[in-house]
Amino acid sequence: MPQQPVPDPLLPTQAAPMPSRSGALMPLSSLPVDSALSLLDGWSPAEPLPRGLTTAAVSTAIGALCEAMAPASVEAQAVLLGMICAFGRVNRVDEAYLAEVMPMYREDLADLPAEVAVEAFVRVRRRWRFARALPLPGDIRAEAESIMAGWATARLRLETAARKLRLEGPTKPEAKGDPAMAARVREMAKGSARTMGGRHA
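Just so you know, these numbers come straight off a predicted model, no measurement behind them.

Novice: Even after reading the chapter, I still don't get the overall build of the protein, so can you show me in this structure?
Specialist: Each helix and strand counted, the protein has 7 helices and 0 strands in total. Of the contacts made within the protein by residues no fewer than 6 positions apart, 82% connect residues no fewer than 24 positions apart. Split by element, the accessible area of the protein, about 12400 Å² in all, is 58% carbon and sulfur.

Here you go:
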């Protein structure tokens, strides 16, 4: 009689509940990163820093992004494994096979951030068309690397802005002139132009 696989303590028998969005799987758009990055959208280091961008906002964004990019905790990884198992059961994958391969998934994906790993799996799952089969860890990792590339670009942009803030300080807001004075200056300029035109007539 074939030996039954030993149950893995990190293999959930049911899909583990997802943490709240304020927990380990917080998306990038919900982090303090978003407000700083929105100001830096389309910005080039050769240009002045966007108005309203502060050292505190950039430092907070960098810290939040670095935390989000850290490898998943054991608890967060159990959530990912639970999602993979739940998909396998829906896709009629053999239960004994699930128990056998989950340690491989845990090892191969251990270095991925929690949110990245979950988002990568969800994207792969939506495209999956094979019955009685699971996406391989390599499929999930390939998707995760494309997500991580975007996060790395965001981090580089924030770090560049932080260096520029240290060297130059925040961009000062434009001084608001007197609208009435500005109108008078425009009228004077028009009058001068008419006078000069008359002299050359």
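Novice: For this particular structure, what's the right way to read the environment of Ala161?
Specialist: With respect to the helices and strands, Ala161 occurs in helix H6 (residues 137-168). Given the relative accessible area of 0%, Ala161 is considered buried. Taking the C-alpha atoms as reference points, Ala161 and Pro45, 116 residues apart in sequence, are found 7.4 Å from one another.

Novice: Any chance you could explain the packing of helix H4 (residues 95-108) against H6 here in plain terms?
Specialist: The relative placement of two packed helices comes down to the angle between their axes together with the axis-to-axis distance. Where H4 meets H6, the closest approach of the two axes is 10 Å, and the angle between their N-to-C directions is 25°. In this view, H4 runs roughly parallel relative to H6, as classed from their interaxial angle. Here the hand of the crossing between H4 and H6 comes out right-handed. Contacts between H4 and H6 involve Met104, Tyr105 and Asp108 on the former and, on the latter, Pro137, Ile140 and Arg141. Residues of the contact of H4 with H6, tallied by class, amount to 4 nonpolar, no polar and 2 charged.

Novice: What am I meant to see in helix H3 (residues 74-90) here?
Specialist: Think of an α-helix as 3.6 residues a turn; residues three or four steps apart then line up on the same face. Here H3 spans 24 Å end to end across 17 residues, near enough to the 24 Å set by a 1.5 Å rise per residue. H3 sits mainly inside the fold: 12 of its 17 residues count as buried. Within the sequence span of H3, burial applies to Ala76, Gln77, Ala78, Val79, Leu80, Leu81, Gly82, Met83, Ile84, Cys85, Phe87 and Gly88. Taken together, the buried residues of H3 touch H4, helix H5 (114-127) and H6. Arg92 sits one or two positions beyond H3 and adopts a positive phi of about 60°.

Novice: Teacher, can you tell me more about the nonpolar core here?
Specialist: Buried together is how nonpolar side chains tend to be arranged in soluble globular proteins. Formed by 44 residues in total, the largest nonpolar core has its most connected members in Ile84, Met102, Tyr105, Leu134 and Leu158. Mapped by element, the contributors of at least two residues to this core are helix H1 (33-40), helix H2 (55-68), H3, H4, H5 and H6. Looking at which element gives the most residues to this core, the answer is H6, with 9 residues.

Novice: So what exactly am I meant to see when it comes to the packing of H3 against H4 here?
Specialist: Taken N-terminus to C-terminus, the directions of H3 and H4 make an angle of 150°; their axes are 11 Å apart at the nearest point. In this structure, the crossing between H3 and H4 has a hand that is right-handed. Facing Gln77, Leu81, Ile84, Cys85, Gly88 and Arg89 of H3, the residues of H4 in contact are Glu95, Leu98, Met102, Tyr105 and Arg106.

Novice: Help me understand the confidence of the model for the protein, please; the structure alone is not making it clear to me.
Specialist: Reading predicted coordinates in detail is not appropriate for stretches of low pLDDT. The share of residues in the protein with pLDDT of 70 or more is 69%, and the mean pLDDT across the chain is 78. For the protein, the element scoring lowest by mean pLDDT is helix H7 (residues 179-199), at 53; H4 scores highest, at 96. Here residues 1-27 is a poorly scored stretch, pLDDT under 50, and it has 43 contacts once near neighbours within four places are set aside; other chains count.

Cut-off values and rules
Residues numbered from 1 in each chain as written. Predicted model: local features only at pLDDT ≥ 70, side-chain atom pairs only at ≥ 80, totals over all residues. Heavy atoms only, no water. Helix = DSSP H or I, 4+ residues; strand = E, 2+ residues; numbered from the N terminus. Contact = heavy atoms within 4.5 Å. Areas by Shrake-Rupley, 256 points an atom, 1.4 Å probe, with all protein chains shown as cover. Buried < 20%, exposed > 50% of the residue type's maximum accessible area, 1.4 Å probe, protein only. Axes fitted to C-alpha atoms, helices over the stretch in contact; angles between N-to-C directions. Parallel < 35°, antiparallel > 145°, perpendicular 65-115°, else oblique. Left-handed = near helix turned anticlockwise from the far one by under 90°. Nonpolar A, V, L, I, M, F, W, Y, C, P; charged D, E, K, R; others polar. Expected span 1.5 Å × (residues − 1). Core = buried A, V, L, I, M, F, W, Y, C linked by side-chain atoms within 4.5 Å. pLDDT = per-residue confidence, 0-100.

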